[in-house]
Amino acid sequence: MAKINIDGKNYEVDEGQNLLHAVLSLGLDLPYFCWHPALGSVGACRQCAVKQFKDEDDTQGRIVMACMTPVKDGVRISVEDPEARDFRAGIIDSLMTNHPHDCPVCDEGGECHLQDMTVMSGHNYRTYRFNKRTFRNQDLGPFINHEMNRCITCYRCVRFYREYADGKDLNAFASKNHVYFGRHEDGALENEFSGNLVEVCPTGVFTDKTLKKHYSRKWDLTSAPSVCAHCALGCNTLAGERYGSLRRILNRYNGEVNGYFLCDRGRFGYEFVNSDKRVRAIVHKSKGGVESEAATREAALERLQALLAGKNAVGIGSPRASIESNFMLRILVGKDRFYAGVPAAELGLLHKAASILRNGPARTPSLREVEQCDAVLVLGEDVTNTAPRLALSLRQASRVAPRRKAAKLGLASWDDAAMRGATQDERGPFYVAAAGATKLDDIATKAYRGAPDEVARLGFAVAHALNHAAPEVKNLTTEQADLASEIAAALKGAKKPLVVTGTGLGSEAVLEAAANTAWALCGDNPEAGLVVTLPEADSMGVALMDGKPLEEVFDAAGGEGSGPVIILENDLYRRLDAKRVDALLGGGRPVVVLDQLLHETALKADLLLPSGAFAECDGTLVSSEGRAQRFFQVYEPGGDIRQPWEWLRDALDVAERKKIKSLDDITAAAAEAFPALKGMENAAPGAAFRLEKMKVPRASKRFSGRTAMLANIHVSEPKPADDPETPFSRTMEGFPNQPPAALTARFWAPGWNSVQSLNKFQEEVAGPMRGGDPGVRLIEPRAGKRAAWFDNIPGGFKREEGRYFIVRAHHIFGSEELSSLSPAVASRAPSPYVALNPDDLASLGAKDGEDLNVKLNGAGIRLPARPHPALPRGVAALPAGLSGLTGMQLPAPGGIDKVGES
């Protein structure tokens with residue numbers, strides 16, 4: 001710790017940081033623009049000027065930039081010195097010379113860092129009286145709106161986009177007073193993290209285009225803490241609502257998970273909540289198959305209870321539903337008739353992943369810890385497309401080793417300009433082994449391509465090279481043996497090595513190879529980590545429950561006269577072959593579906609009960625890290641929509657309903673029923689939590705128009721609805737100060753209206769939230785535990801003429817079910833295709849774009865061909881999750897030939 005003096009007061013702060021970081025961590029106010037906690041310092045805006053004194057006797061001092069001045073013991077500075085204040089006021093006066101002063105029409109208005117800093121600097125009157133510089137704005141695609149005239153040239157945008165996220169198509173053009181931040185031509189920003197420009201930009205240059213379509217002033221948004229529903233990483237989000245529709249998603253800082261940034265799928269995939277494909281009314285069919293709306297919720301529940309009475313109902317859960325909803329379905333139908341909602345092959349992979357993480361010695365690092373790893377092996381996963389936010393952390397990990405070298409030159413870690421000057425484009429050891437090209441190949445030391453079995457063999461070989469007690473791999477090629485030795489040496493020489501794998505290739509052998517590699521490292525290095533990516537928001541939660549594979553439901557479903565098949569938030573046509581699903585849903589048993597989306601399975605329901613989307617529900621999800629996190633209902637949905645666990649709870653008999661009355665009861669019961677879930681009840685405060693006897697408000701202190709919002713219905717103000725399931729109120733009334741991190745619904749502090757106010761909520765800048773980051777880790781390796789090596793090493797891949805091993809090609813936009821129904825994301829999704837190595841394509845006598853017949857598991861489909869040079873010969877790829885390609889059991893061997901040929 002260092003002792004410093006600020007304006008005559010003594011403080012203790014961490015040495016090794018800069019003064020701006022220290023001042024903000026102490027809760028003091030100092031304006032800034034170019035600095036960002038995750039990006040470091042470059043000293044571009046000159047706005048954080050303070051006066052520094054040599055000692056107590058120095059009364060003159062000198063102006064320094066706080067972001068570029070290191071903290072040292074005995075430093076004396078003044079933030080309030082008149083000369084420093086005048087300097088800052090002069091700087092912002094200059095920065096505002098060409099700003100249009102269009103706050104009343106700016107999308108950033110009321111949540112603008114520039115507004116906050118102008119007030120903080122005392123700039124309240126424009127002095128420039130001449131013509132202003134004017135730029136042409138660009139069309140940057142469906143996510144980002146561009147208004148270049150508001151720019152103050154802080155350079156944050158290009159620093160994040162190019163230097164932090166490794167984007168290539170956004171840059172700074174021209175110079176001096178004409179610097180332009182944009183693309184070389186109009187077009188969608190290509191980087192998967194472009195949406196962070198909305199929060200990184202301190203002005204209104206880059207704003208949320210999806211919000212602009214249904215804009216509302218930020219202070220009028222009702223918000224609540226949530227968790228991203230679009231992959232298994234568990235990124236924390238803030239969901240904002242107005243007039244009963246979801247308007248936007250913002251990043252919710254969690255120091256151990258997503259930090260300051262989200263991926264574009266997580267930020268812009270929310271629009272499905274407002275989709276016309278939502279189920280909003282109860283629908284039931286008569287015996288003749290005629291659809292009609294049930295009159296009331298009570299009537300729907302009576303029918304459901306009648307279907308359940310004395311019958312052997314079966315329940316099909318879902319990895320996109322909360323722990324509570326899955327658990328309530330299990331209680332309703334009985335544990336022996338509860339099915340996990342995923343096919344046997346996928347459920348086997350989920351159980352394998354959970355077993356590896358729970359029973360092996362390798363710990364799964366959080367995303368923040370991933371960023372501190374200095375050597376990485378990615379085995380069998382295209383991380384950017386399956387777990388995007390992890391890819392951003394891995395990009396930071398690739399810079400750890402070079403930055404460590406630069407630190408030996410005496411460079412401070414926060415001095416980003418100096419660090420990047422010293423390291424240039426150098427990267428640390430980073431290896432990728434996959435079935436085709438991945439989006440992390442651009443930072444890879446080496447990239448290996450092979451069929452899933454070959455990828456697994458390479459992983460097993462690396463494990464053996466690290467520890468000869470691990471099983472040996474026979475018949476390696478010279479290339480594989482040399483590469484395995486190189487990777488092993490790089491991982492062994494690292495302080496914090498990391499192995500990343502996942503279920504993307506559908507290969508159990510790949511998971512086992514990654515586990516062996518991580519465990520081999522743990523023998524000498526307890527800092528070694530293992531990350532396993534999973535496909536859906538609650539995949540890990542499903543793995544920790546005892547549901548059966550989806551295929552087994554066909555034997556249990558019986559025939560006509562049996563109890564209903566109850567399907568929870570699951571489109572079975574995305575899971576299994578359509579003929580098998582048709583047989584189940586048309587087999588004579590009543591079909592009850594609880595879902596938010598009107599998909600093919602919902603259309604077959606005899607009773608369709610509308611359930612809430614993530615912003616309309618409360619519940620708990622378990623991330624692939626094993627972190628249980630609570631998400632909260634942002635607003636009460638209209639019509640017949642209810643939370644799925646509410647439908648299921650109310651369908652219980654009276655005796656059971658007396659035991660389980662509330663969400664907290666369900667959470668506690670699930671934690672008691674499954675030892676692996678013990679502790680999930682502590683992920684967030686329960687419904688009885690109060691702060692000074694008050695609830696936490698969902699609406700902001702500046703919320704307006706409550707009486708006017710329903711004036712078209714009645715002139716008197718209705719009583720706000722109560723929320724007995726959470727510690728939140730549905731209004732602006734409630735505890736006025738900061739709640740616990742898990743209940744933080746917005747970032748706002750006096751004088752700090754933008755998301756930059758986050759520093760007021762942290763224990764220190766870029767540190768954990770006050771009171772600790774949200775969530776509870778349920779999976780931790782046991783100290784000193786040794787796991788048996790996996791030894792089921794596959795043989796080498798052999799190519800068969802006319803047959804291809806077909807794998808899934810995942811796409812960040814289009815492969816995930818919910819976000820693909822969001823218009824902005826859907827516009828970025830590819831069309832269906834089959835990808836082949838150009839030599840395989842030539843052997844078929846086909847050309848790029850020509851239709852091919854793909855025969856898989858007895859089914860056939862016609863798709864246009866795409867050449868992918870990175871695919872090994874004998875391997876073909878079909879895009880995962882796209883319309884027309886769901887339900888196919890992959891990976892699997894299949895035949896491919898030209899249209900018109902047998």
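Residues numbered from 1 in each chain as written. Predicted model: local features only at pLDDT ≥ 70, side-chain atom pairs only at ≥ 80, totals over all residues. Heavy atoms only, no water.

Engineer: Whenever I open this one, the side chain of Thr-222 confuses me. Can you help?
Structural biologist: Looking at the secondary structure, you find Thr-222 in strand S10 (residues 222-227). Setting aside chain neighbours within four positions, we find Thr-222 in contact with Ala-239, Gly-240, Glu-241, Val-634, Arg-698, Ala-699 and Phe-703. (Helix = DSSP H or I, 4+ residues; strand = E, 2+ residues; numbered from the N terminus. Contact = heavy atoms within 4.5 Å.)

Engineer: Mind showing me how you'd approach the packing of aromatic side chains here?
Structural biologist: The relation between two aromatic rings is expressed through the spacing of the ring centres and the mutual angle of the planes. All chains considered together, the criterion is met by 18 aromatic pairs. Ring geometry for Phe-747 versus Phe-761: centroids 5.2 Å apart, planes at 75°, classification edge-to-face. Pair noted here: Phe-747 is in the loop between strand S28 (728-729) and strand S29 (776-777) and Phe-761 is in the loop between S28 and S29, with a separation of 14 residues, a long-range link. In this structure Phe-747 comes out as buried when scored by relative accessible area, which is 9%. When its relative accessible area of 5% is taken as the criterion, Phe-761 is described as buried. Three or more aromatic residues joined by ring pairs make a cluster, and in this case those are Phe-160, Tyr-164, Tyr-253, Tyr-260 and Phe-261. Taking NZ or CZ as reference, Arg-580 lies 4.6 Å from the ring centre of Phe-554, over its face. Between the NZ or CZ atom of Arg-866 and the centre of the ring of Tyr-833, over which it lies, the distance is 4.1 Å. (Phe/Tyr/Trp six-rings, centres within 6.5 Å; stacked < 30°, edge-to-face > 60°. Buried < 20%, exposed > 50% of the residue type's maximum accessible area, 1.4 Å probe, protein only. Lys NZ or Arg CZ within 6 Å of the ring centre and 35° of its normal.)

Engineer: Looking at this structure, how should I read the environment of Leu-603?
Structural biologist: Residue position: Leu-603 is located in helix H22 (residues 600-603). Taking the C-alpha atoms as reference points, Leu-603 and Asp-336, 267 residues apart in sequence, are found 27 Å from one another. Beyond its immediate sequence surroundings of up to four residues, Leu-603 is in contact with Lys-285 and Leu-598.

Engineer: Help me understand the pairing of strand S12 (residues 245-251) in this model?
Structural biologist: Successive side chains on a regular strand alternate, one facing one side of the sheet and the next facing the other. Burial within S12 is extensive, with 7 of its 7 residues counted as buried. Where strand S11 (residues 236-242) meets S12, 6 bridges bridge the pair, whose relative direction is antiparallel. Bridge pairing links Glu-241 to Leu-246 in S12. Two successive antiparallel strands, S11 and S12, enclose a turn made up of 2 residues, where Tyr-243 displays a positive phi of approximately 55°. (Pairing = 2+ DSSP bridges.)

Engineer: What's the story with the packing of helix H10 (residues 344-359) against helix H18 (residues 508-522) in this structure? I'm lost.
Structural biologist: A pair of packed helices is captured by two measures, namely the crossing angle of their axes and the spacing between those axes. Taken N-terminus to C-terminus, the directions of H10 and H18 make an angle of 5°; their axes are 10 Å apart at the nearest point. Accordingly, the angle class assigned to the pair H10 and H18 is roughly parallel. In contact with Leu-349, Lys-352, Ala-353 and Ile-356 of H10, H18 contributes Glu-508, Leu-511, Glu-512, Ala-515 and Trp-519. Tallied by class, the residues present in the contact of H10 with H18 amount to 6 nonpolar, no polar and 3 charged. (Axes fitted to C-alpha atoms, helices over the stretch in contact; angles between N-to-C directions. Parallel < 35°, antiparallel > 145°, perpendicular 65-115°, else oblique. Nonpolar A, V, L, I, M, F, W, Y, C, P; charged D, E, K, R; others polar.)

Engineer: Mind showing me how you'd approach the sheet that holds strand S26 (residues 627-631) here?
Structural biologist: Strands in a sheet are paired, the pairing made by backbone hydrogen bonds, and the direction either parallel or antiparallel. Reading across the sheet, the 3 strands line up as S25-S26-S29 and stay open at both edges, with antiparallel pairing between neighbours. With partners counted over all chains shown, the strands left at the sheet margins are strand S25 (619-622) and S29, one partner each. Sheet topology places S26 next to S29; 2 bridges connect them, and they run antiparallel. Bridged to Ala-628 within S29 is Val-776.

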